[in-house]
Amino acid sequence: MASTRRVKRVASSQPGFLNVKTSADSSEATGVKRKRVNRNKKKNWNKHSDINDVESFLNDVRHQERTTGGLLSEKSDESLFFLDIGEPKKAEQKAPETVWGKTRRGKPARPLRIDLILQHDSLVQPPKDVLAHQQPNAKKLRRTAQKSEHLVAKGVLPRRLKRLQRRRPVIEGPKKVVTEANNYPERGYYDIWDQETKDLGDPWYLQQTGKKRVKRPEKLNEKPSVLPAVEVIAAGGSYNPDFFSHQALLQKAHEVEVTKKKAEDKLERQLAVNKADTATLDTILQEEVEGLVEEDEEEEMAPVEEDDDDDDAVVGAINAGEKKTEKQRKKEKAEKIKDQLRLADRRETDQKQQLFQLRSIKASVKEQELCTEEKQKIRKANQEAEKSQPRRLGRLKFQPQDMEVQLSDELAGSLRQLKPEGSVAKDRFKSLQKRNLIEPRERAKFKRRLKLKYTEKRAFKAIT
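A brief structural summary. Nothing here was measured: the structure is a model prediction, and the numbers come from that model.

### Notes on the overall build of the protein chain
And step 1. Secondary structure assignment for the protein chain yields 16 helices and 2 strands.
And step 2. Residues counted as buried form 7% of the 464 residues belonging to the protein chain.
And step 3. When the accessible surface of the protein chain is split by element, carbon and sulfur atoms take 54% of a total near 45800 Å².

### Points about a positive patch on the surface
And step 1. Residues Lys 35, Lys 41, Lys 43 and Lys 47 make up a contiguous surface patch of positive charge.
And step 2. One can find Lys 47 in the loop between helix H2 (23-30) and helix H3 (52-68).

### Examining unusual backbone geometry
And step 1. One non-glycine residue, Asn 137, lies in positive phi territory at about 60°.
And step 2. Along the chain, the position of Asn 137 falls in the loop between helix H5 (113-118) and helix H6 (138-154).
And step 3. By relative accessible area, which is 55% here, Asn 137 ends up exposed.

### Structural notes on a nonpolar patch on the surface
And step 1. Where nonpolar side chains cluster on the molecular surface, the patch consists of Leu 355, Phe 356, Leu 358, Ile 361 and Val 365 and spans about 530 Å² of accessible area.
And step 2. The leading source of residues in the nonpolar patch is helix H14 (residues 358-387), at 3 residues.
And step 3. If you trace the backbone, Phe 356 turns up in the loop between helix H13 (326-355) and H14.

### Examining the pattern of salt bridges
And step 1. Inspection of the entire model under this criterion finds 13 salt bridges.
And step 2. A salt bridge links Glu 439 to Arg 441; the nearest nitrogen and oxygen atoms lie 3.1 Å apart.
And step 3. What makes Glu 439 partly exposed here is its relative accessible area of 32%.
And step 4. With a relative accessible area of 48%, Arg 441 lands in the partly exposed category.

### A word on helix H10 (residues 281-289)
And step 1. A small share of H10 lies buried, amounting to 0 of its 9 residues.
And step 2. Note on H10: the residue one or two positions beyond its end, Gly 291, has a positive phi of about 95°.

### Notes on the packing of aromatic side chains
And step 1. Under the counting rule described, the total for this entry stands at 1 aromatic pair.
And step 2. Seen from their ring centres, Phe 243 and Phe 244 are 5.5 Å apart, and the 80° between their planes marks the pair as edge-to-face.
And step 3. Assessed through its relative accessible area of 52%, Phe 243 is described here as exposed.
And step 4. By relative accessible area, Phe 244 is classed as exposed at 65%.

### Thoughts on a negative patch on the surface
And step 1. Among the surface-exposed residues, Glu 404, Asp 409, Glu 410 and Glu 421 lie close enough to one another that they form a single negatively charged patch.
And step 2. With respect to the helices and strands, Glu 410 occurs in the loop between H14 and helix H15 (424-434).
And step 3. Relative accessible area serves as the criterion here: at 44%, Glu 410 is assigned to the partly exposed category.

Conventions we followed
- As a convention, each chain's residues are numbered from 1 in the sequence order in which they are written.
- Residues qualify for local features only when their pLDDT is at least 70, as the model is predicted, and side-chain atom pairs are given and counted only at 80 or more; totals for whole chains, interfaces and linings, by contrast, use all residues.
- Only hydrogens and water are set aside; all other atoms, that is, all heavy atoms of the structure, feed into the side-chain values.
- Numbering of helices and strands runs from the N terminus; a helix is a DSSP stretch of H or I covering at least four residues, while a strand is a stretch of E covering at least two.
- Relative accessibility decides the category of a residue: with a 1.4 Å probe and only protein chains considered, values under 20% of the type maximum give buried, values over 50% give exposed, and everything between is partly exposed.
- Only the protein chains shown count as covering a residue, and every accessible area follows the Shrake-Rupley method with a 1.4 Å probe.
- Put simply, a patch holds well-exposed residues, over 30% relative accessible area, that have no salt bridge, with like charges counted together within 9 Å and Val, Leu, Ile, Met, Phe, Trp or Tyr side chains within 5 Å.
- Salt-bridge detection follows one rule: a side-chain nitrogen of Lys or Arg within 4 Å of a carboxyl oxygen of Asp or Glu.
- None of His or the chain ends enter the tally, which takes Lys and Arg as positive and Asp and Glu as negative.
- A single reference atom marks each charge: NZ on Lys, CZ on Arg, CG on Asp, CD on Glu.
- Pairing of aromatic rings covers Phe, Tyr and Trp, the last counted by its six-membered ring, and requires centre-to-centre distances within 6.5 Å; plane angles under 30 degrees mean stacked, over 60 mean edge-to-face, and any other angle means tilted.

Here it is as structure tokens:
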């Protein structure tokens, strides 16, 4: 009780406080006995503490701040009171005003209710943003500025200023006439939506400060494929196609199916079991008898071959070890010189013979050039054809989408009877793969980490 009375006494002593009876005062007046609780425990502080008088005081203070901008006790008399000198003289009658489509004579236009709600009626000043006046590393920057000023006073320039002084001066050309009028028709046109920004500063300064933009590589401007984003289907794929165009589309689909069938048959032939490699009764019997016959008898029956290679090797080693005489060396040298002269004469003769073969050589060179040009054309044609084909971007190979073809008896005569085929999402996904924008992928396989355990419920057991 003592603490509650002390809070009430402090609150009531504040200027501008409106005294309101609390529940504690009403309980004392009615003579109801208040519940006694142990206030030494923290869990009873908020539960059994009466703070209504403090909250009412704070609400009164907030109300005064919103309506008058502060406490009434701190306001001057001129701001709270005014001198009533009677009604002012009526001004001259003005023209009638139109409000909400109606004319009201002699009455000002009333604002809308929605405008009154949106008006700011609180006189409390907004709090100051302390973070807006703070600067990161302000102390370090201030010390750096003071140090630079101290060095400049001594005559020592920093490195940045020295580099600017050593820079080659820019030769200024004739200045353009600056027109103040905004409607000057001969001024330069500048597109603010242009993707390439113009470098208006010094290129050397932009390069040193790192503000110069990196040149975009030309490779990034090229498209990965020349195919359009949406390919138009053939004329035979319409809901009411021409007979010949529909038959051409059916023939194309038939060729695709024949190619798939041939690939499957080839795989089956490769995986088929060869009858020659299958085990017969004779091969089975031979495998069972293997190892039962004694090996000594086979060794006795095998003929013994004489080893003549060892004798030749010994003779060759003896001949290689002999030292050549002077006469033998001179003879070998003379034969070597004769061979060289013979080859030189043969080469010279061939060169002379080529003089008479210039016409045939020229024809062969021309034929070779034509062959090279044809190969270059074929290579360029293949390169152009590869641009429209999907490349190998991942471990999987691109598989084209199945052709959506309707048979002759499945054609619908109108759009109302047409049945949709395929999926738009799958078509777009395949188009991205075909244009080399994403790599071919396969659906992720779900693998259960834990095995399922089947149990029977009690109700099911009772029935069975």
